[in-house]
Amino acid sequence: MTAQPTTLKILTAVTVLMLAAATLMVILYAPLEAVMGQVQKVFYFHVASGWTGMLGFFVAFVAGIVYLITHKRIWDIVGVAGVEIGLVFMLICIITGSIWARPIWNTWWTWDPRLTTATIMELVYAAYLMLRQGVEDPDRRARFGAVYAIIGFLSVPLTFFSIRIFRTIHPVVIGGGDSDATGSFDMTAKMLQTFMFSLATFSVLFVTLLWHRIRMGKFADQLEQLKMKLLA
């Protein structure tokens, strides 16, 4: 096992500091929203988690295309890493969304277009991991995974634009949305600064986690190849 690169160590430390700073900004710096109160502070992590989840699925989409062109195993590893990270952060997004929805919508869950499409997207990529588990041959597994990641990515723009296409009660953070959206609010300068810093922090967190996961994937791939040689 190769030693962890110094750059990755520094990036990990920077990520931890940024997460701490973002948390302090949310708690202490961002003002309390007049109508929603404390629960509005979930917004900063809710949106950032959703952004990170979709970023993971986008990475898997690009990795799938590159793998089909080059057939290099590294891109299969990148694709799996993107999906796994995306699944975790989209689950966080859904959970924090429910926490936010309870006092605002008076329910933990409603089959709103955004919630429905987000859930479908989560299930689509969970099925991606199940598909991979059912294929033993590494090359076939990588090929099927790449095609699935490309097709499955259709659920990502559908989820993102759902609150702009369909009638919904989910607020739109950027741009216009449905006039019936419940829970929308205007951000003050401090709120916007906190929001942008949270997005930046979660983006750096994504890069850090992706790098770590790719390293783990390389080790797992080497181990699998050794097992196949021993069984051959």
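Up top is the structure these notes are about.
Engineer: Break down empty space enclosed by the protein for me, with residues and values.
Structural biologist: As enumerated under the stated definition, the model contains one cavity of 30 Å³ or more in all. Considered as a void within the structure, the largest cavity measures approximately 60 Å³ in volume. Looking at the largest cavity, the residues that line it are A60, A63, G64, Y67, W75, D76, G79, Y128, A142, G145, A146 and A149. Within the residue set of the lining of the largest cavity, elements represented by two or more residues are helix 2 (42–70), helix 3 (73–105) and helix 5 (138–152).

Engineer: For the nonpolar core, give the residues involved together with the corresponding values.
Structural biologist: Membership of the largest hydrophobic core comes to 24 residues, with the highest contact counts inside it found for F43, Y44, F195, L210 and I214. Every element with two or more residues in this core is listed here: helix 2, helix 3 and helix 7 (189–231). Broken down by element, this core gets its largest block of residues, eight residues, from helix 7. The residues touching L210, leaving out its near neighbours within four places in the chain, are V59, V78, A81, G82 and I85.

Engineer: I'd like a rundown of unusual backbone geometry, residues and numbers included.
Structural biologist: Here H71, not a glycine, exhibits a phi torsion of approximately 60°, which is positive. Here H71 is to be found in the loop between helix 2 and helix 3. We classify H71 as exposed; its relative accessible area is 52%.

Engineer: Which residues make up the packing of aromatic side chains, and what values do they have?
Structural biologist: For the coordinates displayed, the defined rule picks out 12 aromatic pairs. Their ring planes at 20° and their centres at 4.5 Å tell us that F61 and F153 sit as a pair that is stacked. Placement of F61 in helix 2 and of F153 in the loop between helix 5 and helix 6 (155–165) is noted, with a sequence separation of 92 residues between them.

Parameters and conventions
Residues numbered from 1 in each chain as written. Predicted model: local features only at pLDDT ≥ 70, side-chain atom pairs only at ≥ 80, totals over all residues. Heavy atoms only, no water. 1 Å grid on protein atoms, 1.4 Å probe; cavity = no way out; pocket = protein on both sides within 12 Å on 5 of 7 lines; lining within 4 Å. Points joined across faces, edges and corners; volume = space filled by probe spheres on them. Helix = DSSP H or I, 4+ residues; strand = E, 2+ residues; numbered from the N terminus. Core = buried A, V, L, I, M, F, W, Y, C linked by side-chain atoms within 4.5 Å. Buried < 20%, exposed > 50% of the residue type's maximum accessible area, 1.4 Å probe, protein only. Contact = heavy atoms within 4.5 Å. Phe/Tyr/Trp six-rings, centres within 6.5 Å; stacked < 30°, edge-to-face > 60°.

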